[in-house]
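# Secondary and tertiary structure notes
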Amino acid sequence: MSAIEPDFLPPEVESLTLGELACWRVRTGSAELLLARQGAQILEYRRHGEPPLIWLSEQAAFRRGEAVRGGVPVCWPWFGDLGRNPAEVAAPRPDDAPFHGLVRTLDWTLVEAIADACGVALAFELAPQALPGWPPATALRLAIRVGERLELALSSHNRGTAPVVISQALHSYFAVGDVEAVRVEGLEGCPYIETLDGWQRRRQDGALSIAGETDRIYLDLPPRLTLVDEAWRRRLVLEASGSRSAVLWNPWLDKARRLSQFADDAWRRMLCIETANAMDDVVRLAPGARHTLGLTLTSAPL
Ligand SMILES: O=P(O)(O)OC[C@H]1O[C@H](O)[C@H](O)[C@@H](O)[C@@H]1O
């Protein structure tokens with residue numbers, strides 16, 4: 001695994017520094033992507049002449065050791081509170097287990113940046129030994145393809161001799177015109193865990209509208225979810241692979257005031273739909289096995 005030297009980046013990829021973070025801006029004929037080395041975190045994605053698809057907080061702080069609010073933080077090798085995960089995920093438990101795992105604040109290595117007629121392909125890697133306190137030898141690679149659409153593929157490869165169980169998420173913050181005028185289709189009839197009411201198991205009735213704080217883990221999902229945005233007259237289509245679960249999150253008014261890097265009224269402009277492997281959908285990797293969590297994002301006018 002060797003890092004790409006800045007001189008070998010294609011002209012579509014520009015290095016820049018935002019606050020304390022090394023970043024890249026990728027410009028293709030159809031879209032622009034901003035991303036940080038820390039966490040291999042996508043910060044923003046927009047197609048030319050359109051509002052952003054992936055939201056970046058107006059109060060984003062670009063600090064070392066802290067995930068940037070917005071974009072697509074990678075949650076791995078556990079999602080959320082480790083203590084809430086199935087016991088098999090919690091097995092190699094570090095003493096101080098941060099929320100959303102270990103990798104969103106580490107520096108990944110950019111190992112690939114290739115431009116072609118359709119866009120730009122990038123890949124980041126994180127070596128197994130990068131995770132002190134978490135012994136399983138599991139290598140991570142995040143492949144990103146940016147152009148007319150955005151494609152993400154997060155691969156976990158168990159290079160050790162013991163099985164590894166992980167939970168994870170591509171914690172995508174989607175930009176919306178007005179969260180009170182969106183609905184999410186594809187969840188109908190699916191079971192979910194209502195984390196705001198004792199982690200009870202419930203079942204979704206109809207499409208989901210957002211009318212208050214929302215923090216749910218949906219299970220048994222179909223591959224396609226659609227975010228219908230009436231205010232911006234567009235639909236975002238999320239095609240997941242290697243995943244049957246997703247976390248739907250909006251902090252609403254009260255939690256917005258408690259969140260870091262988040263304006264009091266920013267809840268109205270975002271909705272997280274986090275393509276995941278969570279709870280019943282955790283990933284079991286036998287020695288030598290590999291799993292890829294994928295998301296393809298497209299959008300079309302309503
Ligand atoms: O503030 P963070 O650690 O980035 O977490 C932000 C959010 O992530 C997920 O969506 C969780 O389900 C939420 O409960 C949490 O508030």
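Looking up the protein chain in an unreviewed UniProt entry gives the name Putative glucose-6-phosphate 1-epimerase, with the organism given as Crenobacter luteus. Taken from UniProt, the Catalytic activity (unreviewed entry) comment for the protein chain reads in full: "alpha-D-glucose 6-phosphate = beta-D-glucose 6-phosphate". UniProt, in its Sequence similarities (unreviewed entry) section for the protein chain, records the words "Belongs to the glucose-6-phosphate 1-epimerase family."

### A closer look at the UniProt feature "active site" (unreviewed entry) in the protein chain
Mapped onto this numbering, the UniProt entry annotates "active site" (unreviewed entry) at His 171 and Glu 274. A maximum C-alpha distance of 4.4 Å among these annotated residues, which run over 104 residues, shows that they cluster at one spot. Counting through the fold element by element, His 171 comes out in the loop between strand E11 (168–170) and strand E12 (173–175). If you trace the backbone, Glu 274 turns up in strand E21 (residues 270–277). Those residues within four positions of Glu 274 in sequence are excluded, and the remaining contacts are Phe 79, Ala 169, Leu 170, His 171, Ser 172, Ser 245, Ala 246, Val 247 and Trp 249.

### Notes on the site of the ligand
Near the ligand you find Arg 69, Phe 79, Phe 99, His 100, Arg 104, His 171, Asp 215, Val 247, Trp 249, Lys 255 and Glu 274, and these make up its full shell. Considered on its own, the ligand offers 390 Å² of accessible surface; in the complex 84% of this is hidden by protein. Of the residues assigned to the shell around the ligand, the class counts are four nonpolar, two polar and five charged.

Basis of the calculations
Residues numbered from 1 in each chain as written. Predicted model: local features only at pLDDT ≥ 70, side-chain atom pairs only at ≥ 80, totals over all residues. Heavy atoms only, no water. UniProt positions renumbered as here; feature names shortened; annotations may be inferred. Helix = DSSP H or I, 4+ residues; strand = E, 2+ residues; numbered from the N terminus. Contact = heavy atoms within 4.5 Å. Near = heavy atom within 4 Å. Areas by Shrake-Rupley, 256 points an atom, 1.4 Å probe, with all protein chains shown as cover. Nonpolar A, V, L, I, M, F, W, Y, C, P; charged D, E, K, R; others polar.

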